[in-house]
Amino acid sequence: MKKFFLSVFVVAMSLATVSCSKDDDNNTQDPGVNQRELAVTIDGQQLNFNSIIVDRYNYEGDIELDITATIGGATERIFTFYTFVGDTGANAIYNFSYTRNGVYYGAFSSGTNFVSVTNVNNGSRLEVNFSGTLSGYDEVAQEEVFITLENGTIRLDL
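Nothing here was measured: the structure is a model prediction, and the numbers come from that model. (Residues numbered from 1 in each chain as written. Predicted model: local features only at pLDDT ≥ 70, side-chain atom pairs only at ≥ 80, totals over all residues. Heavy atoms only, no water.)

### Section: the overall build of the protein chain
Thought 1: From N to C terminus, the protein chain includes one helix and 11 strands.
Thought 2: For the protein chain, the α and β elements follow one another from N to C terminus as α-β-β-β-β-β-β-β-β-β-β-β.
Thought 3: Of all intrachain contacts in the protein chain linking residues separated by at least 6 positions in sequence, the fraction that spans at least 24 positions is 44%.
Thought 4: In the form shown here, the protein chain has an accessible surface area of approximately 9800 Å², with 52% of it arising from carbon and sulfur atoms. (Helix = DSSP H or I, 4+ residues; strand = E, 2+ residues; numbered from the N terminus. Contact = heavy atoms within 4.5 Å. Areas by Shrake-Rupley, 256 points an atom, 1.4 Å probe, with all protein chains shown as cover.)

Okay, structure coming up:
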């Protein structure tokens, strides 16, 4: 009888161990799925741009990545920029711009302080952190307008 209970106990513990494995950590990122996201806080509102198009152009051996990011493919909010494969470090992002409802905001105009740091840019993965102020011009109000970007991250499997 002791052997029977011991056997039942061993089987029960084996099942408990299998059902409580390390992968039960509520991680929603499927490792088999390409990661493509630009996340940023704009004027206090956290936004995730999850529809990203990457165009590649070869200029005599230099590969340019032109990137367009939207929320669900909608055109109300659009980020665009480009970089060259292999460029890392500070300010390896070029022509960084944001368009919201037809108003264009640029990163390299007067009154801006945009900063980016590219950590990975190897042709198959791009990782960038960014923040700063972008400027635009509101045609209706006839005035210069600014937006603030905080905690920006770009994570792309290319």
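### A word on the environment of Gly-86
Thought 1: Along the chain, the position of Gly-86 falls in the loop between β5 (77-84) and β6 (89-90).
Thought 2: Sequence separation between Gly-86 and Val-120 is 34 residues; the distance between their C-alpha atoms is 8.1 Å.

### Things to note about the environment of Asp-138
Thought 1: Along the chain, Asp-138 turns up in strand β10 (residues 125-138).
Thought 2: In this structure, Asp-138 is in contact with Glu-143 and Val-145, ignoring residues within four places of it in sequence.
Thought 3: Among the polar contacts made by the side chain of Asp-138, one reaches the main-chain amide nitrogen of Ala-141 at a distance of 3.2 Å. (Polar contact = N/O pair within 3.5 Å; in protein donor to acceptor, adjacent residues only side chain to side chain.)

### Thoughts on the pairing of strand β11 (residues 143-157)
Thought 1: Bridge analysis of strand β1 (residues 36-42) against β11 gives six bridges, and the strand direction is antiparallel. What sits directly across from Glu-37, in β11, is Arg-155.
Thought 2: Two elements, β10 and β11, share 13 bridges in a ladder whose sense is antiparallel. Bridge pairing in β11 links Glu-127 to Arg-155.
Thought 3: The antiparallel hairpin formed by β10 and β11 contains four residues in its connecting segment, where Gln-142 sits at a positive phi of about 55°. (Pairing = 2+ DSSP bridges.)

### Looking at the packing of aromatic side chains
Thought 1: According to the stated counting rule, one finds 13 aromatic pairs in the structure shown.
Thought 2: With centroids separated by 6.0 Å and ring planes inclined at 40°, the aromatic side chains of Phe-114 and Phe-130 adopt a geometry described as tilted. One end of the pair, Phe-114, is in the loop between β8 (103-106) and β9 (115-121); the other, Phe-130, is in strand β10, with 16 residues separating them in the sequence.
Thought 3: Judged by its relative accessible area of 4%, Phe-130 falls in the buried class.
Thought 4: Taken together, Phe-49, Phe-79, Phe-81, Phe-96, Tyr-98, Tyr-105, Phe-114 and Phe-130 form an aromatic cluster joined through their ring pairs. (Phe/Tyr/Trp six-rings, centres within 6.5 Å; stacked < 30°, edge-to-face > 60°. Buried < 20%, exposed > 50% of the residue type's maximum accessible area, 1.4 Å probe, protein only.)

### Here's the deal with the side chain of Thr-83
Thought 1: Of note, Thr-83 is situated in strand β5.
Thought 2: Among the polar contacts listed, one links the side chain of Thr-83 to the backbone oxygen of Ala-92, at a separation of 2.7 Å.
Thought 3: When neighbours within four sequence positions are excluded, Thr-83 is seen to be in contact with Ile-63, Glu-64, Leu-65, Ala-92, Ile-93, Tyr-94, Asn-121 and Leu-126.

### Things to note about the nonpolar core
Thought 1: Membership of the largest hydrophobic core comes to 28 residues, with the highest contact counts inside it found for Leu-38, Phe-79, Phe-96, Leu-134 and Leu-149.
Thought 2: At five residues, β11 tops the list of elements feeding residues into this core.
Thought 3: Not counting residues up to four positions away in its chain, the partners in contact with Phe-79 are Leu-38, Val-40, Ile-42, Phe-49, Ile-67, Thr-68, Ala-69, Phe-96, Ser-97, Tyr-98 and Leu-149. (Core = buried A, V, L, I, M, F, W, Y, C linked by side-chain atoms within 4.5 Å.)

### Topic: unusual backbone geometry
Thought 1: Positive phi, close to 50°, is recorded for Asp-43, a residue that is not glycine.
Thought 2: Following the sequence through the fold, Asp-43 ends up in the loop between β1 and β2 (45-49).
Thought 3: At Gln-142, a residue that is not glycine, the phi angle is positive and equals roughly 55°.
Thought 4: Relative to the assigned elements, Gln-142 resides in the loop between β10 and β11.

### What about the pairing of β9?
Thought 1: Here two bridges tie β6 to β9, and the two strands are oriented antiparallel to one another. The residue of β9 that forms the bridge with Gly-89 is Thr-118.
Thought 2: For β9 and β10, the ladder comprises six bridges, and the chain directions are antiparallel. Opposite Val-115, over in β10, you have Ser-131 as the bridge partner.
Thought 3: Between the end of β9 and the start of β10, which pair antiparallel, lie three residues, with Gly-123 showing a positive phi angle near 95°.

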